[in-house]
Amino acid sequence: MKLVVNEQEYDVDVTPDMPLLWVLRDELGIKGPKFGCGIAMCGACTVHIDGRPVRACSYPASAVQGPVTTIEGLGQPDALHTLQKAWIEHQVAQCGYCQSGQIMSAAALLAANNNPSDAEIDTAMSGNLCRCGTYPKIRAAVKSAAEALRSESVPVQNESEGTA
Amino acid sequence: MSTLGKITRRTFLVGSVAIAGGVAFGYWKYKQPIDNPLEADLDDSATALTPYVIIDQQGVSIIAPRAEMGQGVHTTLAALVAEELEVSLDAIKVLHGPASNAYFNAAVLEEGIPFAATDVSRTAEMVRGFTKVPAKFLGLQITGGSSSIPDAFYKMRTAGAAAREVLLQAASAQLNVPTSQLSANDGTILASDGRSVAYTDLAVTAANIEPPKEPVLKSRSQWKLLGKSMPRVDMVAKSTGTAEFSIDVELPDMLYASVRMNPRLGAPMTSFDASKAEAMPGVKRIFQVNNGVAAVATNTWYAFKAVNAVQCNWANASYSNDTNGLLAAVQDSLSPDHQDSQFRDDGDVEQALQSGEIIEAEYQVPYLAHAAMEPLNATAWLRDGKLDIWAGNQLPTQALKEGAAITGLDEENIRVHTTLMGGGFGRRAEMDFVIQAIHIAKEFEGTPVKTTWTREEDTSHDFYRPMAVARFKAKLANNTIDTCDLHLAAPSVAESQMGRLGVPVAGPDIMIVQAAWDQPYSIQNYRVTGYRTPKAFPVSSWRSVGGSQNGFFHESMMDEIAHAGGLDPLEMRLQLINHDVSRKVLESVAEQSNWGRALPDGHGLGLAFVLSFGVPTAQVIEVAAVDDTIKLIEAWAAVDVGVALDPRNVKAQVMGGMNFGLAAAMMGEITVKDGEVQQRNFHNYPSMRFNQAPDIEVQVLENGDQVRGIGEPGVPPAAPALGNAIFAATGKRIRELPFSKHVRFS
């Protein structure tokens, strides 16, 4: 089967029931998405298919139609996504294992809505478990990133008009 | 992977012989330096004793030989060295380093002695000193017990200072100026004449200079890094998916395995039929390992599917078949013939309880799983008479021993690569998953094999936080607590855990009464008795160990007594507390939470205070109750760590510890049926979710007399603070965990 992951094309030969997560990790060597539960209960494996957040552990690779983006495709240490910058600014991670999935869930939320309410953040993020208990920092980072995205998306001209 | 394997001729090590405390007791061997664990990787030019600093042409690396499982220990340990070495944290590499007795943890046994952390008497200090001796001979390179920072505080600063002195002398020789005209700053030695030389260019000269044994350490006012919030060294990697956990280890031509052990824990497998599984895609081989089966395949998914398709016949459990039977054993052990300890017996409890109105209650808590986000896994590679093990683990020296026992190789031919951990919480101090991985790799000599557990295997094959039961009787007089008699029964973690390490443990298990017997209250008649439940179901250390249940027991009891007497729970504690550092912690949390304020209808505030691992910790939680549904609104915590080496990280650990404790208190429960753990995954072993987590404000105080670790102390007060808040909001006293048996959480 053919897959497009982080804008690169791959051809893999696996059984049709094999979840996308294990194709990414064991066949393609893309290790950012993590295995946590295997039943879409923890969100550690969250990736985007066509921009939508998906639990890769429970999504057969053969059913993927559309480009896949993993945390590696979102940003890199030397080219960080706004959310990753916010994660670093707020020093969110502890063990860090769930954070790829957290960031991917947050990225899908903010791509659709750069001014989410607390309730909307709750809804988007409650599928991602964190056993270290970093939730309050995740919330703060999502809000910071949303604010940064809003100021990026507003042209400077409009901003000066707004304050005039 | 670690760069330690690639150290070149130009590399040298700067060591230090510093060993903290405990050397004055005549144990001459205790003073003897341990062989440098890095020497196998070095050539003739390398000289060192206790190595924490490596400088080569590429730069400066610091060895932080404790497990990074989220607590930020790599950053703080590296900062201890970097502070004295005069390098910035972003200019260095931090490595865990190899498994070695040289990195033994001198502080880890301190919590196990019958002297309260508040006891600074000569005897207590002497016994504390003695605990460092067995710690060295056991070669315990262990991460746990919130001991990494107390252990390293002197040792690693000294290592950094010794390195700095050597570099100054090397620069003196190279630039031909006296050291008095040189200074160290930001990875460079500067001469007063304006010349400078980078540390990396001093490596060759420095290799021949003996490090000073007792270099002068900076005073606190000279610190540039310590005492300030530092960006964690692992933060960028953990925010970009590039951090390498053991599950991410990838080696040439690697194979992938998964296992299924007898769900009746510890009992043997009687037979198995792998014929169906062997025919499945990608399967290489299926065979027995320990008390179960392993499937080895070409990827993890094929291994999962195959191992689940094996038909296994399991022998029966050696312990009681169900939760009720296990609970009955704990309850039955709460009797004089099972008494294990009575470290506190103030006044005359028996006499006092003869008269007056007695308040009494019984409490219980369930078994708990660790449920770290990264399921257990390890990789092993046996080839050419050498064994390499990659594992996120809290006890690498034990991994070394297990590797030697299984393969027959000498320990010098075995390397343990300790990776970052996707959570540990005590689970990764157990060796079962490492042992399996070595056995499996032995079957495929020459090929690296990664063994990954399913979440189901991980949840149902844990070594659990023990089930425990408490009974108390108390009496009020003169508007305060007059008598308090607390009885605590639980299986022994030390007996179960140390038994698996082959270390005999004599005497009482202080963990049964931890964080209850040693609380800083002056109560007229005050007794805490521990009872040991006979060994049965496997138990182990779970973040804060005995504190995880005893904080709940002791602090729910205090709240019950206060309410029975119409006393304010805060005022009552302040009146009884005999430890100034603890008093200030209570006062701080009261101020932050505005204790005593008028609350909206249905809201309640709960307070708990626990001194554990030497850290007084007070927490207040505000809840709102609508019918039987509880919402956690906000939480406050105050701690005293003596010296806050990294205040933001201390706060993060208290926040995380509190949430870890709350998750368990709200909904954590392991039950047993037919000898098998019934919980399999996060659907029936749930944890706190994003929308349930309150904001937590943490205050960090520094009145304590010494630096303390903070990985665990945030946990014990969480459950009682929540229980007391639920009582305040609803009038309902819940005496068993999890609370979800009686209320719902939104």
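For every chain, the first residue of the written sequence is number 1, and numbering continues from 1 along that sequence. Starting at A for chains and at 1 for ligands, labels are handed out in the order in which the entities are written. This being a predicted model, a pLDDT of at least 70 is required before a residue's local features are given, and a value of 80 or more before pairs of side-chain atoms are given or counted; all residues contribute to the totals for chains, interfaces and linings.

Draft legend 1. The overall build of chain B, seen in detail. The helix and strand labels rest on DSSP assignments: H or I over at least four residues marks a helix, E over at least two residues marks a strand, and numbering proceeds from the N terminus. Along chain B, the regular secondary structure elements total 19 helices and 28 strands. C-alpha atoms define the radius of gyration, and 2.2 Å times the number of residues to the power 0.38 defines the globule rule. Radius of gyration (C-alpha) of chain B: 27 Å, near the 27 Å computed for a compact globule of 746 residues. With respect to the three principal axes, the spread of C-alpha positions in chain B is 80 × 70 × 50 Å. Any residue surrounded by 20 or more other C-beta atoms within 10 Å of its C-beta is treated as buried, while 12 or fewer makes it exposed and the intermediate range makes it partly exposed; C-beta atoms here are placed from the backbone. Out of the 746 residues in chain B, the part that is buried amounts to 59%. Contact criterion: two residues are in contact if their C-beta atoms, reconstructed from the backbone, are within 7 Å. Taking the contacts inside chain B whose residues are at least 6 apart along the sequence as the reference set, 80% of them involve residues at least 24 apart.

Draft legend 2. Region of the structure containing the overall build of chain A. The number of helices and strands found in chain A is 7 helices and 5 strands. Here chain A has a C-alpha radius of gyration of 17 Å; the compact-globule value for 164 residues is 15 Å, and the two agree. Counting only C-alpha atoms, chain A reaches 60 × 35 × 30 Å along its principal axes. Expressed as a percentage of the 164 residues in chain A, the buried residues total 53%. Long-range contacts, defined as pairs at least 24 residues apart, comprise 62% of the intrachain contacts of chain A with a sequence gap of at least 6.

Draft legend 3. Quick look at the domain arrangement of chain B. All names here are of chain B. Residue ranges labeled as domains rest on an automatic or database domain assignment. Per the domain assignment, the segments of chain B are domain 1 (3-226), domain 2 (249-316 + 376-452) and domain 3 (333-369 + 463-745). Across the contact, 22 residues belong to domain 1 and 24 residues belong to domain 3. Residue assignment for the side of domain 1 that touches domain 3 shows that the elements contributing at least two residues are α2 (73-85) and α4 (148-175). The element contributing the most residues to the side of domain 1 that touches domain 3 is α4, with 4 residues. As a working rule, the residues Ala, Val, Leu, Ile, Met, Phe, Trp, Tyr, Cys and Pro are called nonpolar, Asp, Glu, Lys and Arg charged, and the rest polar, with Gly in that last group. In terms of residue class, the side of domain 1 that touches domain 3 is made up of 10 nonpolar, 11 polar and 1 charged.

Draft legend 4. How the structure looks around helix α17 (residues 580-593) of chain B. Residue and element names in this part refer to chain B. To estimate the expected span of a helix, subtract one from its residue number and multiply by 1.5 Å. End to end, α17 covers 20 Å across 14 residues, agreeing with the expected 20 Å (1.5 Å per residue, within 8%). Of the residues making up α17, those classed as buried are V581, S582, V585, L586, V589, A590 and S593. Check the buried side of α17 and you find it contacts α16 (569-576), β22 (603-612), β23 (615-626), β24 (629-640) and β27 (695-701). Trailing α17 by a residue or two, N594 shows a phi angle of about 55 degrees, which is positive.

Draft legend 5. Structural view of the packing of helix α18 (residues 647-667) of chain B against helix α19 (residues 718-730) of chain B. All names here are of chain B. Note on geometry: axes are C-alpha line fits, over the in-contact stretch for helices, and angles between N-to-C directions span 0 to 180 degrees. The interhelical angle for the contact between α18 and α19, taken along N-to-C directions, is 60 degrees, at an axis separation of 8 Å. Between α18 and α19, the angle is such that the two are oblique. Relative to α19, α18 is oriented so that their crossing is right-handed. Contacts between α18 and α19 involve M658, G661, L662 and A665 from the former and A718, A719 and L722 from the latter. Within the contact of α18 with α19, the residues separate by chemical class into 6 nonpolar, 1 polar and no charged. Small angles under 35 degrees read as roughly parallel and large ones over 145 as roughly antiparallel, with 65 to 115 read as roughly perpendicular and the rest as oblique. By convention, the crossing between two helices is left-handed when the near helix turns anticlockwise from the far helix through less than a right angle, and right-handed when the turn is clockwise.

Draft legend 6. Layout of the interface of chain B and chain A. In this complex, chain B contributes 50 residues to the contact, which on the side of chain A involves 48 residues. Listed by contribution, the elements that provide at least two residues to the side of chain B that touches chain A are α6 (235-239), α8 (300-309), α18 and β27 of chain B. With 7 residues, the top contributor of residues to the side of chain B that touches chain A is α18(B). Residue composition of the side of chain B that touches chain A, grouped by class: 23 nonpolar, 17 polar and 10 charged.

Draft legend 7. Focus on the sheet that holds strand β21 (residues 525-533) of chain B. Residue and element names in this part refer to chain B. Here, any two strands with at least 2 DSSP bridges between them count as paired. Overall, mixed pairing links the 5 strands, which are arranged β13-β21-β20-β19-β14 in an open sheet. Taken across any chain shown, the strands that pair with only one partner, and hence form the sheet edges, are β13 (339-346) and β14 (359-365). Put simply, the sheet's adjacent strands are angled 10 degrees from each other on average, direction ignored. The pairing of strand β19 (residues 468-477) with strand β20 (residues 480-491) spans 9 bridges and is classified as antiparallel. Looking at β20, one finds that A474 is bridged to C484. On top of the sheet, helix α9 (residues 323-332) reaches β14, β19, β20 and β21; it is set at about 40 degrees to β19, its chief contact. The sheet contacts of helix α15 (residues 547-564) involve β14, β19 and β20, and relative to β14 the element is tilted by about 155 degrees.

Draft legend 8. Main features of the packing of α16(B) against α17(B). Residues and elements named next belong to chain B. The contact between α16 and α17 brings their axes to 10 Å, and the two run at 160 degrees. Taken together, the axes of α16 and α17 lie roughly antiparallel to each other. In the packing of α16 onto α17, the handedness of the crossing is left-handed. Between α16 and α17, the contacting residues are L570, R573 and L574 on the first element and R583, L586 and A590 on the second. Counted by class, the contact of α16 with α17 contains 4 nonpolar, no polar and 2 charged residues.

Draft legend 9. The arrangement of the confidence of the model for chain A in detail. Confidence in the prediction for chain A averages 94 pLDDT; 93% of positions are at 70 or higher. Across the chain, each position has a pLDDT score giving the predictor's confidence in that residue, from 0 to 100. Considering only residues more than four positions removed or in separate chains, one finds that residues 158-164 of chain A, a stretch of pLDDT under 50, has 1 contact.

Draft legend 10. A look at the nonpolar core. Residues and elements named next belong to chain B. Membership of the largest hydrophobic core comes to 285 residues, with the highest contact counts inside it found for I62, L167, A295, L488 and A637. Examining the composition of this core, we find that 13 residues originate from one element, α4, more than from any other. Leaving out residues up to four positions away in the same chain, L167 has contacts with A184, I189, Y199, L202 and A206. As used here, a nonpolar core is made of buried Ala, Val, Leu, Ile, Met, Phe, Trp, Tyr and Cys residues. They are joined through C-beta atoms within 7 Å.

Draft legend 11. Expanded view of the confidence of the model for chain B. All names here are of chain B. Mean pLDDT for chain B: 90, with 91% of residues reaching 70 or above. Predicted confidence is poor over residues 1-33, with pLDDT under 50, and the contacts of this stretch with residues over four places away or in other chains come to 88 contacts. Within the model, the stretch residues 42-50 combines pLDDT values under 50 with 25 contacts to residues more than four positions away or in other chains. Here the predicted complex carries an ipTM of 0.95, next to a pTM of 0.93.

Draft legend 12. Looking closely at the environment of B:T418. Residues and elements named next belong to chain B. By the secondary structure assignment, T418 is in strand β17 (residues 414-418). Classification of T418 by C-beta neighbours within 10 Å gives buried; the count is 28. Placed 43 residues apart in sequence, T418 and P375 show a C-alpha to C-alpha distance of 16 Å.

Draft legend 13. Highlighting unusual backbone geometry. All names here are of chain B. The amide bond that connects L737 to the next residue, P738, takes the cis arrangement and shows omega of 0 degrees. Turning to its location among the elements, P738 is positioned in the loop between α19 and β28 (744-745). Positive phi, normally seen in glycine, also occurs at A371, with a value near 50 degrees. Note on placement: A371 falls in the loop between β14 and β15 (377-383). Taking the number of C-beta atoms within 10 Å as the measure of exposure, A371 has 29 and is therefore buried. Of note in the backbone geometry, F425 takes a positive phi value of approximately 60 degrees without being a glycine.

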